[in-house]
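The primary structure of each chain is shown beneath.
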Amino acid sequence: MPRLTRKFLGRHEVILFLAVIAISVIIGLFNRAFLSVATIFEILRGSIPYALMGLGILPVLLLGEVDISFVGVAATTSLVAHTLLHDFGYAGGIGGYILIALPLGAAIALAVGLISALFRLPVFAVSLGFWLMLYGFNLFFISPEMRFDLPLGLVGFYNHFLIKVQDPIVGETGLHVAVVYVVLAAVAIWLVLRHTVIGRGFYIMGGNREVAVRTGYSLVKLLCVAMAVNGALAALAGVLVLQCAYKRFFDPILFRGAELYVIAAVVIGGTSITGGRGSVIGVLLGVVFVQVITRGLIYLGVEPTWQQLVVGCMLVVFFILTSLRARLLGGHPGRSGLTRGEGK
Amino acid sequence: MRIRSKSRETRLSFSQVGLAVLERRSILLLGLLVAILFTFGTTTPRFLSYPMFRVITSQCAEIGLMGLGMGLAWMVNGVDLSVNDTANLSALTAALTLKHVSHGGSVAVGWLIVSYLIALLTGLLCGTLNGILIGYLDVPPILATLGGMTLYRGISIAVTGGRAVAGLPAMVAVVGRGTVFNIPVPFLIFLGIYAAMYLVLNHTAFGFKARMVGINARAAYFSGVNYRRVIMSVYMISGLLAAAAGIIIMGRTRSVAYEYGTQVYIVFALLITNLAGVTAGHYGITAAVLATLTLQILSTGFYSRFMTLPGGPFFNNFLWGLFLVAVLVFAQLLKRLRGKS
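Analysis parameters
- Residues numbered from 1 in each chain as written.
- Chains lettered and ligands numbered in written order.
- Predicted model: local features only at pLDDT ≥ 70, side-chain atom pairs only at ≥ 80, totals over all residues.
- Heavy atoms only, no water.
- Helix = DSSP H or I, 4+ residues; strand = E, 2+ residues; numbered from the N terminus.
- Rg over C-alpha atoms; globule rule 2.2 N^0.38 Å.
- Buried < 20%, exposed > 50% of the residue type's maximum accessible area, 1.4 Å probe, protein only.
- Contact = heavy atoms within 4.5 Å.
- Areas by Shrake-Rupley, 256 points an atom, 1.4 Å probe, with all protein chains shown as cover.
- Expected span 1.5 Å × (residues − 1).
- Phe/Tyr/Trp six-rings, centres within 6.5 Å; stacked < 30°, edge-to-face > 60°.
- Lys NZ or Arg CZ within 6 Å of the ring centre and 35° of its normal.
- Patch = residues over 30% accessible without salt bridge, like charges linked within 9 Å, V, L, I, M, F, W, Y side chains within 5 Å.
- Salt bridge = Lys/Arg side-chain N within 4 Å of Asp/Glu carboxyl O.

A. Just the overall build of chain B, in detail. If you tally the helices and strands in chain B, you get 14 helices and 2 strands. For chain B, the C-alpha radius of gyration of 21 Å lies close to 20 Å, the compact-globule estimate for 341 residues. Principal-axis analysis of the C-alpha atoms gives chain B an extent of 85 × 55 × 35 Å. Evaluated residue by residue, chain B yields a buried proportion of 55% over its 341 residues. The contacts of chain B with a sequence gap of at least 6 include a subset with a gap of at least 24, amounting to 79%. If you sum the accessible surface of chain B, you get close to 14,800 Å²; carbon and sulfur atoms cover 68% of it.

Take a look at the structure:
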């Protein structure tokens, strides 16, 4: 029993879950309003887009690459979908948006993946170029202004709940229906990563490229799959956030700067910073963790201008802790600083 | 058989001449520079004039200094994404010091120097944190400096509440807008730092060690080089250079804002590094300076071209993103071409 307990408590996800609870309780001690059902649902609602983007970036990080263009993909696809649908006089719901945005997002991200894979460039550098390009494209070619002209079918989507509760302060609130998309995406990614040959490939490729290539995996293929999934989920987050979270308009600079929060959440969720380790549950918990902290700060009366500082501190502290832990556990020999760059 | 091999030889030597030109990155860049100057000179009125020269040379220092730091990191298989935010944070510390000690818009020269030293110290500290994370804790450079970037920008936002710090004493403008013999001071600073970097990289033990670590850290380790310390020093220098860039920005704009340049300056720094052809263990610093000038002329040319358009700055950003991807691909193709022959 003690061995099992220790194994259970040693898991990163369990520690993170306990940390989320502990931090929530501490914030609740200072401000009782934080510990309410409405807050839980608000945090979940705010987590939806970040969770989708985090799940998307997970396979990319597993390969040991970093992408930041996904936020631009989300902005461009949602804006393009809206412009197209609006011109055709579309009055339906979210389905039409998803139908256009999802393939478009996958295609743009696939382009990033293909360019980096074929020319052996770091994904990060290419994605930085695309990041700038996509936001420039939105602002110059589509619309420099926010678009409030929503179709009739989307009106009321903001208050579409799965579970409804009455809160004394905010009134009727609940679990937003968009959470279904997160659950579907999480289950799908978990199944692929856990039970398919290609899914295991992400872990092997991130753990040791040489071994993976000799086993018969192709980096080009894996990277393309990872980036396509990344783009598709980012596009989904882009169309959903407008309706389920804070915004009720289409924004040419949607999520600009949010890439740091997403990467921070995924890394805090236990995804190895060198690739090869990470889990779906970890990503979801990491996203909730960042949401609890950033929202909790507001409940504690801290100015929102301090949020980025706190996220930055968390990232740096987390880097230090994981690195020290890896050193204590005697890390993987292939990960020591000496081999840095040799596989590049 | 004999003939075939001979023809191959001639073909090889012919392509070798072409490659030699391509490989001399400085010559390539100089050609590019002249071509761009010619294009803008003939199409844009009053492009080849003293005011334009002054604009270009006084602006190139800030991106150039960040680019030099980025190039150093690139040379040891790393990257420093925090250069721009280090620059802004360093300038912020100097600006706050100046605000504290100045009376009615004037400040003693001593205090000005003290504030510059504080800025440099801030840059050094930022660089040290990056260096510890990358060199000693083996955090991948992209993520480590992304974390550093978030942290430094976060500090700037938290301290200023997201507002710009303006109304600095007029004396700070000397570094940003002053001229000596009609040559802008920022450009002179840039050239001075270039000379110093050239000497350090090519004529000191540290420069040699840094190049060794870039080529093969393991081999360097077995030759008795403390590669961790070398990597940390590289990021410290990068932080110092960024702080110098921040001081120049503060002088040029007479204000400090956390968001100054946050969209394009990292792209510029990466472009300089890639245009200059910096690879692991190889850093042609003259090429980096030429790349900086090329980029700045291009940037100023674009600016005078598109700023009159509605939404011009956005189109500018779009072009820079496209340009970065194109340069990355081109540099890689060049490398592949060289590898084949």
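So, next bit.
B. Spatial organisation of helix α6 (residues 141–160) of chain B. In this model α6 of chain B runs 28 Å from its N-terminal to its C-terminal C-alpha over 20 residues, within 8% of the 28 Å that 1.5 Å per residue would give. The buried count for α6 of chain B comes to 17 of 20 residues, which makes it a mostly enclosed element.

C. Focus on the packing of aromatic side chains. Evaluated as defined, the whole model comprises 20 aromatic pairs over all chains. The interplanar angle of 75° and the centroid separation of 5.3 Å between the aromatic rings of Phe141 of chain A and Phe318 of chain B together place this pair among those described as edge-to-face. Of the two residues, Phe141 of chain A is situated in helix α6 (residues 123–142) and Phe318 of chain B in helix α14 (residues 312–340); the pairing between them involves two chains. A relative accessible area of 43% means that Phe141 of chain A is categorised as partly exposed. Note on Phe318 of chain B: relative accessible area 16%, which makes it buried. When the centroid spacing of 5.4 Å and the interplanar angle of 50° are considered together, the rings of Tyr221 of chain B and Phe222 of chain B count as tilted. Judged by its relative accessible area of 43%, Tyr221 of chain B is partly exposed. The residue whose ring lies beneath Arg256 of chain A is Tyr135 of chain A, and the NZ or CZ to ring-centre distance is 6.0 Å.

D. Highlighting a nonpolar patch on the surface. All names here are of chain A. A cluster of nonpolar side chains, namely Phe17, Leu18, Ile21, Val25, Ile26, Leu29, Phe30 and Leu300, defines an oily patch on the protein surface of about 810 Å² accessible area. Counting through the fold element by element, Ile21 comes out in helix α2 (residues 12–30). Classification of Ile21 as partly exposed rests on a relative accessible area of 42%.

E. Spotlight on α6 of chain A. Between the first and last C-alpha of α6 of chain A there are 26 Å, a value that for 20 residues agrees with the 28 Å anticipated at 1.5 Å per step. Buried residues dominate α6 of chain A, accounting for 16 of its 20 residues.

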